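Chain and residue survey
Now for the letters of each chain:
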Amino acid sequence: MAQPDFDELIDRTGTACSKWDDMQAIYGVSPRDGIAMWVADMDFRPPAPVQRAVEAMVAHGVYGYPGANPAYLESIRWWMETRHGWQVQPEWILSAHGLVNGTAICVDAFTRPGDRVIVMTPVYHAFARVIRASDREVAEFPLAIEDGQYRMDWQGWQKLLTGRERMLILCSPHNPGGRVWSAEELRQVAEFCAAHDLVLVSDEIHHDLVMPGSPRHSVLATVAPDAASRLVTLTAATKTFNIAGAHIGNLIVADEGLRKRLQNRLLALGISPGLFGPGMVAAAYSSEGAAWVDALVAYLDGNRRLFDDGVNAIPGLRSMPLQATYLAWVDCSGTGMERAEFTRRVEQDARIAVNHGGSFGTGGEDFLRFNLATPRARVAEAVARLQEAFRDLQ
């Protein structure tokens, strides 16, 4: 495999790209001189086998209704076993239009309007958006910070239960904190859900993006097998290989009863994979794709170290240790500034579009999230701009 060129600066403007084409309207940051570090996709091309698969479909030139695709299911089975030590049966795999859609299907299938759905905040903002849009209540269970990293606060959370909770959505590895939960923590999540009769949805979309030297990601289904009767695991190739535009994700469900309920909702809503997504996934989940991921993670680790060294040198800013994902979570509370001020410096002075921490729920208010999956030259430029924007603190 040829070495991927992650340093290539690819102009994504004018391609209906949310990350770059929408930043002016949302943040007032022009893509001409700004840096997009908000939407969680990468500024890299996917591995060559994905491009070859798309080119073969285009060369064929007929885009009719897709049928069964055993190669797609087999590629998922192979990837989960070889990369994660998880033996998945093809019949366990259901497909949704990405994992936000998969989360929404779970909420629709297993809860009713007015029910409470637990999320551990701060956490991926789409969870709350889906829950509220479904007329369910978001039950925010705030994470605690210990030694600079998030931990689960079981004692505090017991006091937040009302008896109306029906589901818990776990983000593993955690976005935005970049935490890889330990096997014991995952077992505690499963035990909590069993004790309170909750359906457990484990979103493991970032599971391939674990930094070198960090704890290994544990698949919840493998470390808590007794949870199978209440567990839906969400995975996708889209985050790993930067093919989110394919809008395809997996709901992996060992329990036949849970799976049937999800299948019925997918049928009722007319949701099924398109033509391009399964072919792209099957090409990505391959030995060549695995080698590309290994090179990607090494590159992201270099970006992480560059960013952390530069940002942590600014008094008052602290980047949470990043074990997984490519999303840096920066605590700005040490600056003593109001949120409006440190945000203004990042967006207007440094001209960097970032996610506001408050959108991730309780506990995120003093944070900003930076996407590091971009060529290293941009990361270095972002660090230089941040140091200039906060120069008066140094």
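Named according to an unreviewed UniProt entry, the protein is cysteine-S-conjugate beta-lyase originating from Paracoccus simplex. As stated in UniProt under Sequence similarities (unreviewed entry), the record for the protein gives "Belongs to the class-II pyridoxal-phosphate-dependent aminotransferase family. MalY/PatB cystathionine beta-lyase subfamily." Listed under Cofactor (unreviewed entry) in UniProt, the entry text for the protein is "pyridoxal 5'-phosphate".

Moving on, we get to the overall build of the protein. Scanning the protein from N- to C-terminus turns up 15 helices and 15 strands. Rg of the C-alpha trace for the protein: 21 Å, near the compact-globule value of 21 Å for 394 residues, within the 12% margin. Its C-alpha atoms give the protein principal-axis dimensions of about 60 × 60 × 40 Å. Taken over 394 residues, the protein has a buried fraction of 54%. In the protein, the share of contacts with a sequence separation of at least 24, taken over all contacts with a separation of at least 6, comes to 74%. Of the accessible surface of the protein, which amounts to about 16,400 Å², a share of 49% is contributed by carbon and sulfur atoms.

All right, on to the packing of aromatic side chains then. Considering all chains together, one arrives at 18 aromatic pairs under this definition. Aromatic pair W79 and F241: ring centres 5.6 Å apart, planes at 65 degrees, arrangement edge-to-face. Linking W79 in helix 4 (residues 70–84) with F241 in helix 10 (residues 237–241), this pair joins segments that are 162 residues apart in sequence. Assigned by exposure class, W79 and F241 land together as buried. Each residue in the set F6, F44, W78, W79, F241, Y285, W292 and Y299 is aromatic and connected to the rest through ring pairs, giving one cluster. Positioned over the ring face of Y299 is R376, at 4.2 Å from the centre of the ring.

What follows is about the nonpolar core. The biggest cluster of nonpolar side chains holds 35 residues, and the ones touching the most others in it are F44, I76, F241, Y285, L296, L300 and Y326. Contributing elements (two or more residues each) for this core: helix 4, helix 10, helix 12 (276–284) and helix 13 (287–312). In terms of residue count, the dominant contributor to this core is helix 13 (eight residues). Those residues in contact with F241 that lie beyond four places of it in its chain are M42, P46, P47, W79, A284, Y285, G289, W292 and V293. Residues C106, F110, V117 and V138 belong to the second largest nonpolar core, which totals 31 residues.

It is worth spelling out the packing of helix 4 against helix 13 at this point. Relative orientation of the contacting elements helix 4 and helix 13 amounts to 45 degrees, with a least axis distance of 11 Å. The orientation of helix 4 relative to helix 13 falls into the category oblique. In the packing of helix 4 onto helix 13, the handedness of the crossing is right-handed. Taking contact as the criterion, the partners of W78, W79 and R83 in helix 4 are, on helix 13, S287, G289, A290, V293 and D294. Each residue belonging to the contact of helix 4 with helix 13 can be placed in one class, and the counts come to four nonpolar, two polar and two charged.

So, on to the sheet that holds strand 10 (residues 249–252). Whenever strands of a sheet pair, they do so through backbone hydrogen bonds, lying parallel or antiparallel. If you walk across this open sheet you meet the seven strands as 2-10-9-8-7-3-4, and the pairing is mixed. Each edge of the open sheet is held by one strand with a lone partner, namely strand 2 (93–96) and strand 4 (137–142). When strand polarity is set aside, the average angle formed by the axes of neighbouring strands in this sheet is 25 degrees. In the packing of helix 5 (residues 99–110) onto the sheet, contacts are made with strand 2, strand 7 (165–171), strand 8 (199–203), strand 9 (231–235) and strand 10, and the angle to strand 7 comes to roughly 165 degrees. Contacting strand 3 (116–121), strand 4, strand 7 and strand 8, helix 8 (residues 183–195) runs over the sheet at an angle of about 170 degrees to strand 7.

Cut-off values and rules
Residues numbered from 1 in each chain as written. Predicted model: local features only at pLDDT ≥ 70, side-chain atom pairs only at ≥ 80, totals over all residues. Heavy atoms only, no water. UniProt positions renumbered as here; feature names shortened; annotations may be inferred. Helix = DSSP H or I, 4+ residues; strand = E, 2+ residues; numbered from the N terminus. Rg over C-alpha atoms; globule rule 2.2 N^0.38 Å. Buried < 20%, exposed > 50% of the residue type's maximum accessible area, 1.4 Å probe, protein only. Contact = heavy atoms within 4.5 Å. Areas by Shrake-Rupley, 256 points an atom, 1.4 Å probe, with all protein chains shown as cover. Phe/Tyr/Trp six-rings, centres within 6.5 Å; stacked < 30°, edge-to-face > 60°. Lys NZ or Arg CZ within 6 Å of the ring centre and 35° of its normal. Core = buried A, V, L, I, M, F, W, Y, C linked by side-chain atoms within 4.5 Å. Axes fitted to C-alpha atoms, helices over the stretch in contact; angles between N-to-C directions. Parallel < 35°, antiparallel > 145°, perpendicular 65-115°, else oblique. Left-handed = near helix turned anticlockwise from the far one by under 90°. Nonpolar A, V, L, I, M, F, W, Y, C, P; charged D, E, K, R; others polar. Pairing = 2+ DSSP bridges.

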